[in-house]
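What follows is each chain in one-letter form.
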Amino acid sequence: MASVYFHVPFCKQACHYCNFHFSTSLKNKALLLKAMLSELELRKAELSESEQINSIYFGGGTPSLLSAIEIKMLIDTVKTNFALASEVEITLEMNPDDDRPNYLKELKKIGINRLSIGVQSFFDDELKLMNRAHDAKEAFLLLKKVKELFDNFSLDLIYGMPMSNLEKWEKNIELALSFEPNHISSYALTIEPKTVLSHQVKKQQVEVLDEEVVLAQFNFLMDRLEKEGYEHYELSSFGKPSFQSVNNCAYWSGKSYLGIGPSAHSFDGITRSWNISNNAEYVKGISTGKPFIERETLNEIDRYNEYLMTGLRTKKGVSLSHIEEKFGSRYKILLEKEAQNNIAAQMLYWDGDVLKVSRKAKFLVDGLASDLFILNN
Ligand code: SF4
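The rules behind these values
Residues numbered from 1 in each chain as written. Predicted model: local features only at pLDDT ≥ 70, side-chain atom pairs only at ≥ 80, totals over all residues. Helix = DSSP H or I, 4+ residues; strand = E, 2+ residues; numbered from the N terminus. Rg over C-alpha atoms; globule rule 2.2 N^0.38 Å. Buried ≥ 20, exposed ≤ 12 C-beta atoms within 10 Å, placed from the backbone. Near = placed C-beta within 6 Å. Nonpolar A, V, L, I, M, F, W, Y, C, P; charged D, E, K, R; others polar. Domains from an automatic or database assignment. Contact = placed C-beta atoms within 7 Å.

Draft legend 1. Spotlight on the overall build of the protein. Each helix and strand counted, the protein has 15 helices and 15 strands in total. Relative to the compact-globule value of 21 Å for 377 residues, the protein shows a C-alpha radius of gyration of 21 Å, a close match. In terms of overall dimensions, the protein has C-alpha extents of about 55 × 50 × 45 Å along its principal axes. Here the protein holds 377 residues, and the buried ones make up 36% of them.

Structure, rendered in structure tokens:
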């Protein structure tokens, strides 16, 4: 099984924390969509013919800026060029300010069967600080409508925000739960270089939230959602049984995916590639044949390190028998040795022959995984 990902590189305005690729000018939207349709046809051979598509994902940027007709064109091109599995999850990321008359019904009609709503917070002061284009009222209204029409939807929440505290975060979670989504993605705010937020922090206009509060928010998130029956299947992802995101699971389990659009990433099992993060250069690349994709072939060590990173972030953990089979016993012996200190510190533990991260160390998983990496010479 494989996935197709569309990166829709437009946003109404720039959120202060965001370092994704997008443009706030929609002037060349038609041209760009045409280029994305061409890219899909140009690159169809990159996914093996025997692989069926079981996930189509519209991310960005803000894909809900596209009309249902535009989204349908992209879905139809996937259908024309690839074999689809009998069940295909088709997800669209949607921002609360993008609701318009009949939009949800149209999305449903063209085959979108999963929505991922970018709520981030139910507090207007936090939304304002992040420069989100919506307010809390729009999020409530949209979620109410989504719940009536879609039985599969997710919502995004950000913790660790300046102006937040544990009490507000608890309220955010309870409000999210009141809509009974079958999936919640929740990320810790990170201060990315060259964002407005990093500038504000440097200038001391915004105060970063205390690390202890951020950790308490994460712990509350885990406890509360698990109590409510959500499976914590990846560091930032919680799903009701059988509602894990097909797209994300494919990514974490090393399956192939084709990323279409500026800045989109792809993986065919051996080679990673990424498209240029510039809308005009991307369109030019498609129309003139000027290279717009960079590629990197992963060597054995890269693949081992990636397996450690994705495995430890997920509930599945890192399996010694998988390592032995894919990489050889040298890697297995090395991992057993390298993990010892963090096992003694109760940060990692063995579940049979599977290495997992203890509950208290989940928040630190990226650092724990990189401690185990083998360095490429
Ligand atoms: S809407 Fe999403 S992609 Fe666009 S600026 Fe905000 S966070 Fe970034």
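Draft legend 2. Expanded view of the site of the ligand. Every residue near the ligand is listed here: C11, A14, C15, C18, F20, F22, G60, G61, T62 and N95. Here the residues of the shell around the ligand are counted per class, giving 6 nonpolar, 4 polar and no charged.

Draft legend 3. Geometry of the domain arrangement of the protein. We note that the domain assignment places domain 1 (2-251) and domain 2 (300-372) within the protein. The centre of domain 1, based on its C-alpha atoms, is set 29 Å off from the matching centre of domain 2. Counting residues at the interface gives 7 residues for domain 1, matched by 6 residues for domain 2. Here the side of domain 1 that touches domain 2 takes 4 residues from strand β7 (residues 231-234), the largest share from any one element. Residue composition of the side of domain 1 that touches domain 2, grouped by class: 4 nonpolar, 1 polar and 2 charged.

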